[in-house]
Amino acid sequence: MAKTKVAVTLDENILAEVNVLVKKQMFPNRSRVIELAVREKLDRIGKNRLAAQCALLDTNFESALAEEGMSKEIEQWPIY
């Protein structure tokens, strides 16, 4: 995947923590630390949005929809 260079402004304390992680060789460089942190945050936001949308669903309606027509199909299933 192509990468693009960007400039960011960070609080000095945050940058110091990033530098410690790089110095401890937990990450190869600052860019990697920041890239992974942004990716993690974006993933978390996406999951929260999905959870919020799921909370809007009517569980009774969804259950009824999922089981619609199942009674006929169950009769055709083999008995084990």
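Read on for a plain summary of the structure. Quantities reported herein were computed from a predicted structural model and do not represent experimental measurements.

1. Description of the pattern of salt bridges
Phase 1 of the analysis: Taken as a whole and judged by the stated rule, the model has 4 salt bridges.
Phase 2 of the analysis: One salt bridge connects Arg32 with Glu35, and the closest N-O pair in it is separated by 3.2 Å. Of this pair, Arg32 and Glu35 are both found in helix 2 (residues 30-55), 3 residues apart, which corresponds to roughly one turn of the helix.
Phase 3 of the analysis: With its nearest N and O atoms 2.7 Å apart, the salt bridge here joins Arg44 to Glu40. Placement of the pair is Arg44 and Glu40 together in helix 2, with a separation of 4 residues, close to one helical turn.
Phase 4 of the analysis: Take Arg44: its relative accessible area is 41%, and that puts it in the partly exposed class.
Phase 5 of the analysis: Exposure remark for Glu40: the relative accessible area of 49% places this residue in the partly exposed category.

2. Some remarks on the layout of surface pockets
Phase 1 of the analysis: Considered as a void within the structure, the largest pocket measures approximately 620 Å³ in volume.
Phase 2 of the analysis: Thr4, Val6, Ser31, Ile34 and Glu35 are, among the 18 residues lining the largest pocket, the residues nearest its centre.
Phase 3 of the analysis: A total of 8 residues in the lining of the largest pocket trace back to one element, the largest contributor, which is helix 2.
Phase 4 of the analysis: Considered class by class, the residues forming the lining of the largest pocket number 9 nonpolar, 3 polar and 6 charged.

How each quantity is defined
- Residues numbered from 1 in each chain as written.
- Predicted model: local features only at pLDDT ≥ 70, side-chain atom pairs only at ≥ 80, totals over all residues.
- Heavy atoms only, no water.
- Salt bridge = Lys/Arg side-chain N within 4 Å of Asp/Glu carboxyl O.
- Helix = DSSP H or I, 4+ residues; strand = E, 2+ residues; numbered from the N terminus.
- Buried < 20%, exposed > 50% of the residue type's maximum accessible area, 1.4 Å probe, protein only.
- 1 Å grid on protein atoms, 1.4 Å probe; cavity = no way out; pocket = protein on both sides within 12 Å on 5 of 7 lines; lining within 4 Å.
- Points joined across faces, edges and corners; volume = space filled by probe spheres on them.
- Nonpolar A, V, L, I, M, F, W, Y, C, P; charged D, E, K, R; others polar.

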